[in-house]
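These are the residues of each chain, in order.
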Amino acid sequence: ARALTPQTAETDAIRFLVGTQSLRYDNQIHIIDFDDENNIINKNVLLHQVGEIWHISTSPADKGVLATCYNKTSDNKVMTCAAVWRMPKELESGSHESPDDSSSNTQTLELLCHLDNTAHGNMACVMWEPMGDGKKIISLADNNILLWDLQESSAKAVLSSSAVLEGKGQLKFTSGRWSPHHNCTQIATANDTTVRGWDTRSMRQIYCIENAHGQLVRDLDFNPNKQYYLASCGDDCKVKFWDTRNVTEPVKTLEEHSHWVWNVRYNHSHDQLILTGSSDSRVILSNMVSISSEPFGHMVDDDELSDQEDQHQEEKIKEPLQDSVIATYEEHEDSVYAVEWSSADPWLFASLSYDGRLVINRVPRALKYHILL
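Nothing here was measured: the structure is a model prediction, and the numbers come from that model.

1. A few points about the overall build of the protein chain
Then comes step 1: Summing up its helical and strand segments, the protein chain has two helices and 28 strands in all.
Then comes step 2: The C-alpha radius of gyration of the protein chain comes to 21 Å, within 12% of the 21 Å expected for a compact globule of 373 residues.
Then comes step 3: Along the first, second and third principal axes, the C-alpha atoms of the protein chain reach 75 × 55 × 40 Å.
Then comes step 4: For the protein chain, buried positions account for 54% of its 373 residues.
Then comes step 5: Residue pairs at least 24 apart in sequence account for 50% of intrachain contacts in the protein chain once pairs closer than 6 positions are excluded.

See below:
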């Protein structure tokens, strides 16, 4: 397995979706519900009969709707296609108990629509408009950016605009993220060693970070609280943080992994917490305070401090807090292809390795209280 996503529209229950990559069997989407009071994982399985899943993403507005990018073989050629699906009604919300024998009641996803890309090439990923009503979706196919409108309760996808990446050679997108800032009018894409920003209204390029990494850029993520900040990671084993207003140099570089870095994710609530997963089989949680939205810690009201404390506090506020690696998780024995924060609990995250192992972890309690208090 290599596809993992939190159920974005579900903010009460801790829930992740995993897509499998099996050549011999029907592929599946596993709905993973984590009961954190009892530390129990419940699982439901949905059949995804069209092919092995390379990417999965969920609607920000509708708990039951998701999109997958999957391989299908036709005329001896393998194509990566994308489609939008609905899960069965009774599985939409995360509160149900799962039966003991989950194999007996495997259900199938309902196909809502294909993002028809026969003309555009292989789909790399599908991104939903982050703050939207679940009607706007962007797919990256080879060197095309395609903006779709989902109509008739997502049963129909209409291509509303597109852009083509032009240049020498066979240009192909590897990944992209939709920015939650600027009224959701910007996306960032990765192709080869380059990171580009695009305006979704004009479908024109607005910035370009050439040679952002020494080798292929694998993943991107926007800081949820600072509108110009973007993280990237890649095959040069590095994670880099950029201010898109000045793209000549990264603001910070992390060099903790010893192999390709497949994923980088900002915590949605506390943007100093950064999660990365790599082919070195490790997941690393870093505390990048100096480039977070609170680089000097929480601001304290003056009324709360006595004079002596006041002076001490002022001295303390002047210097940024130190960046550090909080924890390295080594529960995986294979390449970690995906890491994701829960959309319901900001202190909880999941990681997925190629051998199909899903691990759920928490931010260490001491750090959690340090951030909160």
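2. With respect to the UniProt feature "repeat: WD" (unreviewed entry) in the protein chain
Then comes step 1: If you check UniProt for "repeat: WD" (unreviewed entry), the listed places come out as residues 210–246 in our numbering.
Then comes step 2: In the segment residues 210–246, helix accounts for 0% and strand for 46%; the C-alpha atoms at its two ends are 12 Å apart.

3. Examining the nonpolar core
Then comes step 1: Counting 17 residues, the largest nonpolar core has Val 84, Leu 115, Met 123, Val 126, Trp 128, Ile 137 and Leu 150 as the members making the most contacts within it.
Then comes step 2: Secondary-structure elements contributing two or more residues to this core are strand E6 (65–74), strand E7 (77–86), strand E9 (110–114), strand E10 (123–128), strand E11 (136–141) and strand E12 (144–151).

4. What about the domain arrangement of the protein chain?
Then comes step 1: Domains assigned within the protein chain are domain 1 (1–90 + 106–164) and domain 2 (167–293 + 319–372).
Then comes step 2: Tallying the contact residues gives 41 residues for domain 1 and 37 residues for domain 2.
Then comes step 3: Across the domain 1/domain 2 interface, buried area totals approximately 3,000 Å², and carbon plus sulfur atoms make up 73% of it.
Then comes step 4: On the domain 1 side of the interface with domain 2, the three residues burying the most area are Arg 2, Leu 4 and Phe 16, jointly 20% of the side's total.
Then comes step 5: Between domain 1 and domain 2 we count six residue pairs in polar contact (both at pLDDT 80 or more) in total.
Then comes step 6: Of all the secondary-structure elements, those providing two or more residues to the side of domain 1 that touches domain 2 are strand E1 (3–6), strand E2 (14–19), strand E3 (27–35), E10, E11, E12 and strand E13 (156–164).
Then comes step 7: Here the side of domain 1 that touches domain 2 is built from residues that sort into 24 nonpolar, ten polar and seven charged.

5. Details of a nonpolar patch on the surface
Then comes step 1: Where nonpolar side chains cluster on the molecular surface, the patch consists of Tyr 369, Leu 372 and Leu 373 and spans about 350 Å² of accessible area.
Then comes step 2: Residue placement: Tyr 369 occurs in helix H2 (residues 365–372).
Then comes step 3: A residue is classified by how much of its surface remains accessible, and Tyr 369, at 40% relative accessible area, is partly exposed.

6. Details of unusual backbone geometry
Then comes step 1: Phi at Asp 142 is positive, roughly 50°, even though this residue is not glycine.
Then comes step 2: Position of Asp 142 among the secondary structure elements: in the loop between E11 and E12.
Then comes step 3: You will see that Asn 183, though not glycine, has its phi angle at about 55°, which is positive.
Then comes step 4: With respect to the element layout, Asn 183 can be found in the loop between strand E14 (173–178) and strand E15 (186–191).

7. Digging into the layout of surface pockets
Then comes step 1: By volume, the largest pocket is sized at about 1,500 Å³.
Then comes step 2: Lining the largest pocket are 49 residues, with His 55, Gly 176, Arg 177, Arg 265 and Glu 340 positioned closest to its centre.
Then comes step 3: Mapped by element, the contributors of at least two residues to the lining of the largest pocket are E1, strand E5 (53–58), E10, E14, strand E18 (217–222), strand E22 (261–266) and strand E26 (336–341).
Then comes step 4: Residues of the lining of the largest pocket, tallied by class, amount to 25 nonpolar, 15 polar and nine charged.

8. Topic: the sheet that holds E13
Then comes step 1: Pairing in this open sheet of four strands is antiparallel, and the strands run E10-E11-E12-E13 from one edge to the other. Of all strands in the sheet, those bounded by a partner on one side alone are E10 and E13. Pairwise comparison of adjacent strand axes, ignoring direction, gives a mean angle of 25° for this sheet.
Then comes step 2: Bridge count between E10 and E11: five bridges; the pairing is antiparallel. Residue Cys 125 lies in a different strand from E11, and its bridge partner there is Leu 140.

9. With respect to the state of the cysteines
Then comes step 1: Counted by the stated rule, this structure contains zero disulfides.
Then comes step 2: Cysteine Cys 208 remains unbridged, with the sulfur of Cys 125 as its closest cysteine sulfur at 17 Å.
Then comes step 3: Looking at Cys 233, it has no disulfide partner, and the nearest cysteine sulfur is the one in Cys 237, 11 Å off.

10. Structural notes on the environment of Cys 125
Then comes step 1: Mapped onto the secondary structure, Cys 125 falls in strand E10.
Then comes step 2: Cys 125 sits in the buried class, given a relative accessible area of 3%.
Then comes step 3: Taking the C-alpha atoms as reference points, Cys 125 and Cys 81, 44 residues apart in sequence, are found 9.6 Å from one another.
Then comes step 4: Once you skip the residues sitting within four places of it in the chain, Cys 125 turns out to touch His 55, Cys 69, Ile 138, Ser 139, Leu 140, Ser 175 and Gly 176.

11. Regarding the sheet that holds strand E28 (residues 358–362)
Then comes step 1: The sheet built from three strands is open, its strands ordered E26-E27-E28 with antiparallel pairing. Strands with a single pairing partner mark the edges of an open sheet, and in this sheet they are E26 and E28. Adjacent strand axes in the sheet meet at a mean angle of 20° when their direction is disregarded.
Then comes step 2: Here E26 pairs with strand E27 (residues 348–353) via five bridges, running antiparallel. Note that in E27 the partner of Val 336 across the bridge is Ser 353.

Reading the values: the criteria
Residues numbered from 1 in each chain as written. Predicted model: local features only at pLDDT ≥ 70, side-chain atom pairs only at ≥ 80, totals over all residues. Heavy atoms only, no water. Helix = DSSP H or I, 4+ residues; strand = E, 2+ residues; numbered from the N terminus. Rg over C-alpha atoms; globule rule 2.2 N^0.38 Å. Buried < 20%, exposed > 50% of the residue type's maximum accessible area, 1.4 Å probe, protein only. Contact = heavy atoms within 4.5 Å. UniProt positions renumbered as here; feature names shortened; annotations may be inferred. Core = buried A, V, L, I, M, F, W, Y, C linked by side-chain atoms within 4.5 Å. Domains from an automatic or database assignment. Buried area = accessible area lost by both parts, 1.4 Å probe. Polar contact = N/O pair within 3.5 Å; in protein donor to acceptor, adjacent residues only side chain to side chain. Nonpolar A, V, L, I, M, F, W, Y, C, P; charged D, E, K, R; others polar. Patch = residues over 30% accessible without salt bridge, like charges linked within 9 Å, V, L, I, M, F, W, Y side chains within 5 Å. Areas by Shrake-Rupley, 256 points an atom, 1.4 Å probe, with all protein chains shown as cover. Salt bridge = Lys/Arg side-chain N within 4 Å of Asp/Glu carboxyl O. 1 Å grid on protein atoms, 1.4 Å probe; cavity = no way out; pocket = protein on both sides within 12 Å on 5 of 7 lines; lining within 4 Å. Points joined across faces, edges and corners; volume = space filled by probe spheres on them. Pairing = 2+ DSSP bridges. Axes fitted to C-alpha atoms, helices over the stretch in contact; angles between N-to-C directions. Disulfide = S-S within 2.5 Å.

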